[in-house]
Structures are given as structure tokens and as C-alpha cells.
Amino acid sequence: MAIDCLVLGAGQEVGKSCMVVSINGKRIMFDCGMHMGYTDSRRYPDFSLISKTGDFDNALTCVIVTHFHLDHIGALPYFTEVCGYKGPIYMTYPTKALAPLMLEDYRKNMDRRGEDEQFTSDHIAECMKKVIPVDLKQTVQVDKDLQIRAYYAGHVIGAAMFYAKVGDAAMVYTGDYNMTPDRHLGAAQIDRLQLDLLITESTYATTIRDSRYGREREFLKAVHNCVAAGGKVLIPTFALGRAQELCILLEDYWERMNLKVPIYFSAVRNFDRSLINAPGPCVLFATPGMIVGGFSLEVFMQWAPSENNLVTLPGYCVAGTIGHKLMSGKPTKIDLDKDTQINVRCQIHQLSFSPHTDAKGIMDLVKFLSPKHAILVHGEKPKMATLKERIQSELGIQCYCPANNETVTIPSTHYVKADASGTFIRSCLNPNFKFSTRSSTDKSYLDSNKSKAVSRLSVSDDRATEGILVVEKGKKAKVIHQDEILHMLGEKKHEIQFAYCIPMPMARTEDLSSTSHMLCGFDKSTLISRLSMILSDELSEGNILDLGEELQVESFRVSVCSSDNCPHRLSSSLQNGSESVFFCCNWSVADEKLAWKIISIMKNSTL
Ligand SMILES: [Zn+2]
Ligand SMILES: [Zn+2]
Ligand SMILES: [Zn+2]
């Protein structure tokens, strides 16, 4: 079984997030975003890679959208109303409520820029009717095999990470998330799940952020300095998300500093656009973010030429937007199109706080979930490569950062469920306790001035269970105890025995040297009892039994060999030519270690 991930967007870039994952026969599209940096066909994911014939209803089991940002949902009305996808679409309740506002705001801006209309207001409304809203942590059965569940992601209102499970294979697609709480949203929360795959955003793959407080103060200082000098502050934002947080921050500051300078929102109904030409300082939140076009671009064109004014930009702007151009170097002129050029003399302040997790947050999440594989999307290629290395070397998790239109295939889990026999289960019940003492200095046990080490007994139960997995054709797999296997197979028990005939040298004492034939001088039981004495001196384990003509230590048996043609003999006598007695040994495989220990004692001893 395998999981195939086809990257239709946000592969080694930020923009048009779209990932089609085939998992145990189900096919899920995660996010359906647009790229704000392009106006041509590259704006949308290449949906033809999902189905050549355009039969998307059969090609996909469902679509899941993580949040209302356009790079995650911007292509959805186009996909449903123009491409014709009619299958189920899942998102959280807040995302369903707010997405139409974002899409409508964008559509109007497209209109104003004179671009081809890719979808209409009706398209947005029709598209949203197909959406099935879900609650956080609610398990949704998409069909009898596919289960999905949303988890709180922080980032923006309604943003969710999605868990999907088909059979034994499971994965999480994070969308955008934040691992630290900000002023109006909490940190992402997810259960510890058993995952084959984690697909995570990596916008800030190499950034580690310090305290939020200092970064907020920088922003407030820049805004305050500008309005105090009579300038105008443009804060380009999308209607929802970032705007709410910055607004809370500014209002709080305005109150504390008792500032009277007006703060405007262009996204409110009936906003009076002439206010932007009013004299005196002001702060304006204008949509869309990143100065993609629309009203924020109009205002930017008017305000940018004055050095009194200030434009704040988010920590991340998509390549191709004016926001991105302003952040790359310090341009004094920006070409809007071949006829229009904007003089840029205003101040630029880049916000260093962001609703995206930093590198530490990504590492924390990957470590917490410990998936078998991780895929990075929604980031910049070189930084993603660095993070990928860290995930592989520090966490030992296989990691990939595929480009757009590439497919990554990873193996998926398939559990074999097996019955267990009663004998096997009983054999598992025997505990294997290990006792150890460790000394610790516990403060409550301390005398006033004399420290006393307290040793504590700790008990652990290291149970390892051994059984035999039996898989028979057409039958359910079964785990049985080893004693049951013979009965099950109808076989007799065979035991492997080892045998070795070993010569031992005789001591050259006077009375021995006069004896011509050893075995005449000593009867077998005398030789055996001599050997018994040697072994009891040298052998630290095993119980030595002297049975007269035979010695026995566990399954190891030794007796004097009287056959000159013993098949277990390697050589007919000792190499140094001294007189010797042959002992025939045999043992079963379980006592192999013991046997070789005894043999080595015999080799190094003299009778
Ligand atoms: Zn987002
Ligand atoms: Zn995004
Ligand atoms: Zn022998």
C-alpha cells in the first residue's frame, strides 16, 4: 500500500496551495488556492493533472479547505463552477462564513484591474452552497472508508489542520498554522496521532523568533513616529485575519498614549474613499494585502511619493506582488505596467511578527506527531532544504520538499489483525520484574544541615513475548505459543543434538607412565569422577551430575569414548603425541553456550 501526493501548488513556493493525496484508494484534494503573483494560467493549479477528461467527481473523493486565505481557497469557485467539480467540500464553520467575503473582495479587485474574470459573484455563492461545514475535533465519515477530523491551527479565524484516515493509513495536512498564541488567536492544538505522513507548511523554515513584545513595540513606534510628524500610515491587509490583530494592538496603544489620529478601515461597508485625500495624519487599513491591486494599490500610488508617509508590510509577501517588490531591496521606483511608474519615497516597515509558525514551531510539531514521513510545502526552496535536513538528521524522519506538479510516493501502514491462542496469551502474563535501586536526595528527607541520600527501589516489568505468527491461506492469521505448533502441524518434535569427541591429555605421573594401556589402569568411572572434579573447580554455572559412567550438566552429557572409529572425532589423537583419553560429548541446541564453555575447559585441562 502506498500514499501518493501530487503537488499542484505551493511546491517550493508560497501561493496556490493544492495537494492531491491518494491514500488507500481514496483521493483527497487539500486546499484549492490561487497564486497572487500571477495573472496568467499559472494563477490556478493545473487541474488537468487530476483528470485528463475533466471527470473530477470520479477522480476525487472530496476537497478539504484549511482556511479562508486566497492562496488556499482562491481557486475553489473556479474549480467547482467553471471546471465542474460537484463532489463534497469540507471546511470549518468560520471558514465557510468568511470565505465568500474574501473571494468577493478579490473578485472586485480583479475587476478593477481589468483582468479576465475567472469567476463571478454567482459562482462564489453557488460554490459555497456545496460546502459541508465541520466542527473542530468532530470526526466526519466522508464515506465508509474515509474519516476526517479538523484541529485548531491558530493562524486566522477558522483555520484548521486536517487529519485523514483510510483503513490503517493516516495523515495530517496542516495548512497554515501558528504554534504561539497571538493577541486574538491561540496556538495550534492537535492530538498525538499515529501518522504515516505529515504535510506541513514551512513559510519560516529557518526563522527563529524572539519575544513578541519587542517586535510589536517596533511596529507601534514606526506608526507613532509617522503620525506624530503628520504622515499617513498605509497598512495593506486582507479583510480578515492579520487586520484584526493589528487593530487590537493599535487601539490598545492609541488608548494608552491618548492619541486622537483617526484609524480607518477600507473593508467596511460604505467606506468614504475621499478620506484618503483629507489633510492631516491618519492610519488606514486597506484591502487587499501585499498590495496585490485594488484599493490598497490605489492608496499606495497616492501616498508612496511622500517621505512623510509609511507603508507597513507583513513578514511575508508572495513573489510577484508589489509588497514583495518593496521588500526586495529599497526600490525608488516601481513599474506597475509599461505606462505607469510609481515613485517610492515613503518609509517601509516590515512587520516581524506573523501568524505563521517559526522553525522551532515546525520542529516541535513534527517531533510531537512523529510521522513516518514528512512533506514540506508553502515555503522557499533553499530554506525548505535546510529544514528538511534538520528533520531528517535530528528527528530521523524521512522528509521531502517536492516541486509543483511532482508526485511523492510513500509506503503506508497496513496492519494484519491476528487472533491469539489461549496458551500464547497465558505465556504473556508472566511478568519479568527487574528491581533496581537508585539513590536520590529528596529535600523532604533532609535533616536541617545534613544531607542524606535516600535509595529508592524501582521496579520495571520488561516483558518480551515470543510467539509464532501462523498465516494460512483463507484463514485469519493467528499467534500461537511455540508448544502448540507441533500439534497444529501434526508433526513430531525433532531436536537437534550436537556431538563432539574430544581428547584429553593424561598427566605423566610415574605410575601412569608405566601403564601401557590407559583404560586398563583406570576404569571409566574414575576418569569421569576426575573430570567431574575439574569441572566443578572451573565451571561457574550449571549443576554437575556424576552418574557413574556419565557426567551431566543440563542437557550436556559426557562419557568415555571406547570406539576407535567414533564418527564425532576430528583427529585420532593429540597432536603433541601425549597419551590421551577420548570423551564423547553431546548436547542440545539450547545449551550451546554452556557446552562450548565445558569443552574449552576440557581442552585446557589435564586428567
Ligand atoms: Zn494563510
Ligand atoms: Zn498560506
Ligand atoms: Zn566418541
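These numbers come from a predicted model, not from an experiment.

The rules we used
Residues numbered from 1 in each chain as written. Chains lettered and ligands numbered in written order. Predicted model: local features only at pLDDT ≥ 70, side-chain atom pairs only at ≥ 80, totals over all residues. Heavy atoms only, no water. Donors = N, O, S within 2.8 Å, 3.2 Å for Na, K, Ca; no water. Tetrahedral: all angles 85-135°; square planar, octahedral: opposite > 155°, others 65-115°. Helix = DSSP H or I, 4+ residues; strand = E, 2+ residues; numbered from the N terminus. Buried < 20%, exposed > 50% of the residue type's maximum accessible area, 1.4 Å probe, protein only. Pairing = 2+ DSSP bridges. 1 Å grid on protein atoms, 1.4 Å probe; cavity = no way out; pocket = protein on both sides within 12 Å on 5 of 7 lines; lining within 4 Å. Points joined across faces, edges and corners; volume = space filled by probe spheres on them. Nonpolar A, V, L, I, M, F, W, Y, C, P; charged D, E, K, R; others polar. Domains from an automatic or database assignment.

> What am I meant to see in the coordination of the zinc ion (ligand 2) here?
Geometry sets the ideal angles at a metal, namely 109.5 degrees for four tetrahedral donors and 90 or 180 degrees for six octahedral donors. Within the protein, D71 (OD), H72 (NE2), D176 (OD) and H378 (NE2) serve as the donor atoms for the zinc ion (ligand 2), at 2.1 to 2.2 Å. Around the zinc ion (ligand 2), the 4 donor atoms sit at angles spanning 86 to 165°, and that spread fits a shape best called irregular. Read in sequence order, the donor residues coordinating the zinc ion (ligand 2) give the pattern D-H-x103-D-x201-H. Taken as a pair, the zinc ion (ligand 2) and the zinc ion (ligand 1) lie 3.4 Å from each other and share D176 as a ligand. Taken together, the residues span a long stretch of sequence, with D176 in the loop between β10 (169-173) and β11 (197-201) and H378 in the loop between β19 (373-377) and α11 (381-395) at a distance of 202 residues. Here D176 matches H378 in class, with each residue buried.

> I tried to follow the pairing of strand β21 (residues 407-411) on my own but got confused; where do I start?
Put simply, side chains in a regular strand alternate between the two faces of the sheet. Side chains V408 and I410 project from β21 onto a buried face, and the interleaved T407, T409 and P411 project onto a face without burial. In this structure, strand β1 (residues 2-9) lies alongside β21, joined through 5 bridges in antiparallel fashion. Of the residues in β21, the one forming a bridge with I3 is I410.

> Quick question: what am I supposed to make of the layout of surface pockets here?
Over the atoms a probe the size of a water molecule is rolled, and this reveals where empty space is left. The volume enclosed by the largest pocket comes to roughly 520 Å³. Lining the largest pocket are 17 residues; nearest its centre among them are D105, K108, S266, A267 and V268. Looking at the lining of the largest pocket element by element, the count peaks at 7 residues for helix α4 (residues 93-113). Looking at the lining of the largest pocket, its residues break down into 8 nonpolar, 3 polar and 6 charged. There are two domains that each give the lining of the largest pocket at least three residues, and those are domain 1 (2-208 + 355-411) and domain 2 (212-350).

Functional significance is not addressed by these values, which are geometric in nature.
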